[in-house]
Structures are given as structure tokens and as C-alpha cells.
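Residues per chain are reported as follows:
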Amino acid sequence: MVVVDGETVARLLADGSIRETEDGDCVLSEGAVIAPAPSLSLWALIAAGRKWRSTESFKGFIGLAVLAQRGEGPLSMRQVKAGMRLVADAELETNSGGLTMNWDAGPSDRRRRGPQGGGQSASSAQASARLKRVQALAGEEAWKLAWIACVEGVSLKDLKARSGLGQRTLGPALARALEQLANAYER
């Protein structure tokens, strides 16, 4: 989420604000809140390239991610990272190397036809396998809630309606679901 120099990472690890995961990433320690550098904006990272109308408010997962960046709301930065990783894997799963843009025809690529995996690239196949593994480890309920919130990007109002959760239970339920995803990604 944030790129910092090695000295800052060492200081944050030493004071217990962050911890290192099995895959070499650093995440916030339980209960730690770190204010990011003012020049860095999670919003810019999440919504890069999207032009927002000034009247449009932060809704859904993105809004909760912005709150988490400020140390507010129900989500931790670890949970936001898990949600963003889910989105990245879902997008990567649908990508295929060498596909044409002819939407009227079936997918075509430059490979010879045969029993191999069709047009799916290696990274796409890896993302697909990773998504299946994370879904199995996180559980169906957590998976469904996280998918609707993060990948489908619905508003909190629509998320409440689709999940059947109430105003007070939605945030904690989404936080638990994303925590289960984070744990599944780390396994």
C-alpha cells in the first residue's frame, strides 16, 4: 500500500507497529495505527485513473478503505490489503494473454489449438487457482461478502440489502470476512 525506505520499515518493525507476513509483506500489527505520509493517498492508489464527480461520495469498500487509511472505521489496513488483493486476483483471472478485441467472435489467441488451457495465460491460471484456494480457506460466507463488497464494488446500502445484515453489524461482518481472506492469503 505504501512504499517506504528500509530505515522506516526497520523502525516500525522494532517498535511493533508492523509485522512481517510469511510472503515477505509488512502489515499493521494488531491494534496499531500508523498515519501515512501526507503525500501518499490510498484513494489515489485504489481509484487511479477513475475520474470522480465532486458530488460523488465514497461508497462501499473504497469508502471504508479511505477511512482505514485515516485509522477510522471498521477495517484495518491489513483487511483493506486483502480486499485489494482479491480485486487484483479477480481482474487477473479474467485476463488472457494475446486475446483479440473482437467481441463478436469467440476468444482467439496466437497459440496452436490443442488440449492446453485455451487462451488463459499462466498468470491468469495462477490467479484462478489462488482464488479457489482462498475461497476454500476463507469459507463461503466470508468469500461471498468480500466478493460483493470488493470485486462487485456495491455501495454499503446495497451490500446491506444483499447480505441481510443490519447497519451496526455490516462493518464488523465485513471486517471479519476480510480478516479471513487475509489469513487465507497468508497460508
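Quantities reported herein were computed from a predicted structural model and do not represent experimental measurements.

1. Quick notes on the pattern of salt bridges
Opposite charge on two side chains makes pairing possible when the charged atoms of those side chains draw close.
Then, in step 1: Evaluation of the coordinates by the stated rule reveals 4 salt bridges.
Then, in step 2: Its salt-bridge partner being Arg78, residue Glu186 comes within 2.9 Å of it at the nearest N-O pair. In this pair, Glu186 is assigned in helix α8 (residues 167–186) and Arg78 in helix α4 (residues 77–94), connecting sequence segments 108 residues apart.
Then, in step 3: Looking at Arg78, the relative accessible area reads 7%, which means it is buried.
Then, in step 4: Beyond isolated ion pairs, a larger network of salt bridges with shared partners links Arg78, Glu179 and Glu186.

2. Some remarks on the confidence of the model for the protein chain
Then, in step 1: Taken over all residues, the pLDDT of the protein chain has a mean of 76, while the share at 70 or more is 69%.
Then, in step 2: Per-residue pLDDT stays below 50 along residues 34–57; that stretch engages in 29 contacts with residues further than four places along the chain or on separate chains.

3. Some words on the environment of Thr169
Then, in step 1: Summarising the element assignment, Thr169 is placed in helix α8.
Then, in step 2: The class for Thr169 is partly exposed, based on a relative accessible area of 42%.
Then, in step 3: Side-chain polar atoms of Thr169 contact the backbone nitrogen of Gly166, separated by 2.9 Å.

Calculation rules
Residues numbered from 1 in each chain as written. Predicted model: local features only at pLDDT ≥ 70, side-chain atom pairs only at ≥ 80, totals over all residues. Heavy atoms only, no water. Salt bridge = Lys/Arg side-chain N within 4 Å of Asp/Glu carboxyl O. Helix = DSSP H or I, 4+ residues; strand = E, 2+ residues; numbered from the N terminus. Buried < 20%, exposed > 50% of the residue type's maximum accessible area, 1.4 Å probe, protein only. pLDDT = per-residue confidence, 0-100. Contact = heavy atoms within 4.5 Å. Polar contact = N/O pair within 3.5 Å; in protein donor to acceptor, adjacent residues only side chain to side chain.

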